[in-house]
Amino acid sequence: MSKSEKTKAFIIEKAAPVFNTKGYAGTALSDLTEITGLTKGAIYGNFENKDAVATAVFEYNITKLNERFDAQLGGATTASEKLHAYLSYYRNNWKSISQRGGCPILNASVEADDNLPFLKNNVQQSIKKWAQRFISILNQGVKNGEFKPAIEAAGYAYTFIALIEGGIMLSKINNSPARLFLVLNRIETIINTEIIHS
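Parameters at a glance
Residues numbered from 1 in each chain as written. Predicted model: local features only at pLDDT ≥ 70, side-chain atom pairs only at ≥ 80, totals over all residues. Heavy atoms only, no water. Helix = DSSP H or I, 4+ residues; strand = E, 2+ residues; numbered from the N terminus. Contact = heavy atoms within 4.5 Å. Buried < 20%, exposed > 50% of the residue type's maximum accessible area, 1.4 Å probe, protein only. Polar contact = N/O pair within 3.5 Å; in protein donor to acceptor, adjacent residues only side chain to side chain. 1 Å grid on protein atoms, 1.4 Å probe; cavity = no way out; pocket = protein on both sides within 12 Å on 5 of 7 lines; lining within 4 Å. Points joined across faces, edges and corners; volume = space filled by probe spheres on them. Nonpolar A, V, L, I, M, F, W, Y, C, P; charged D, E, K, R; others polar. Salt bridge = Lys/Arg side-chain N within 4 Å of Asp/Glu carboxyl O.

Engineer: Looking at this structure, how should I read the environment of isoleucine 196?
Structural biologist: Its location among the elements puts isoleucine 196 in the segment after α10 (178–195). As for isoleucine 196 and glycine 145, which are separated by 51 residues in sequence, their C-alpha atoms are 8.9 Å apart. In contact with isoleucine 196, other than residues within four places in its own chain, are Ser80, His84, Glu146, Phe147, Lys148 and Ile191.

Engineer: What should I look at first to understand the environment of arginine 91 in this one?
Structural biologist: Tracing the sequence through the fold places arginine 91 in helix α5 (residues 79–92). Under the relative-accessibility criterion, arginine 91 is labelled partly exposed at 27%. Through-space distance from the C-alpha of arginine 91 to that of glutamine 124 is 25 Å; in sequence the pair is 33 residues apart. Setting aside chain neighbours within four positions, we find arginine 91 in contact with Phe181, Leu184, Asn185 and Glu188. A polar contact is formed between the side chain of arginine 91 and the side chain of asparagine 185, at a distance of 2.9 Å. Among the polar contacts made by the side chain of arginine 91, one reaches the side chain of glutamate 188 at a distance of 3.3 Å.

Engineer: Would you take a moment to explain empty space enclosed by the protein for this structure?
Structural biologist: Left-over empty space is what a probe sized like a water molecule reveals as it rolls over the atoms. Counted according to the given criterion, the structure contains one cavity of 30 Å³ or more. Taken as a whole, the largest cavity spans an internal volume of roughly 140 Å³. Considering the residues around the largest cavity, the lining is formed by 14 residues, among which Phe19, Asn20, Phe58, Ala108 and Leu119 are closest to the centre. Mapped by element, the contributors of at least two residues to the lining of the largest cavity are α1 (3–26), α4 (50–73) and α7 (104–112). Of the residues in the lining of the largest cavity, the class split is nine nonpolar, four polar and one charged.

Engineer: Would you mind going over the pattern of salt bridges with me for this structure?
Structural biologist: Applying the stated criterion to the full structure yields five salt bridges. In this structure, lysine 22 engages aspartate 31 in a salt bridge whose closest nitrogen and oxygen atoms are separated by 2.9 Å. Of the residues examined, lysine 22 reaches a relative accessible area of 46% and is grouped as partly exposed. For aspartate 31, a relative accessible area of 14% gives the class buried. Here lysine 64 makes a salt bridge to glutamate 67, at a shortest N to O gap of 3.6 Å. One end of the pair is lysine 64 and the other is glutamate 67, both in helix α4 and three residues apart, which spans about a single turn. On the basis of relative accessibility, which here comes to 31%, the residue lysine 64 falls in the partly exposed class. Under the relative-accessibility criterion, glutamate 67 is labelled partly exposed at 41%.

From the geometry alone we can't say anything about function, so treat these as descriptive.
Next up, the structure:
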């Protein structure tokens, strides 16, 4: 990477947890200069404005989230194992998820819905890609005979996402993983009773 590219990557990496914890509205330029040790001119010499920083940071956070998903699913071979691996990821990583400010998709969704039109499409696409991950696993399970043939993959995919994000929100506001774990247990019941071929 060139010096400029390295500086840009450095800014994104340092700013990522700040935006995810404080949100777009709550993150000031002073936060960025403090966390990076760079001047305002250095930051805006690499990014057109705060919107550009926020967009780059969101994409960085989503890339890191997907890398963690991939690592968790790496040892899973069957579709059932892959679905349960997702649940294990959230059970085993609640503390680090909470320390990073929660789910970047959830956090950005809340702000982008009404206030950040420049980021809304990025968030929508991230949710669609996440749903597609679930849909691919569910379709794999149907094809392999693991799952019931009549399941509505997209319906389950978006249900899982809504439950997980809701569980994270409730657990974050209560400073306890209990609500998230309750949701994960519910998803596990859905997988075992409604999806897996008996």
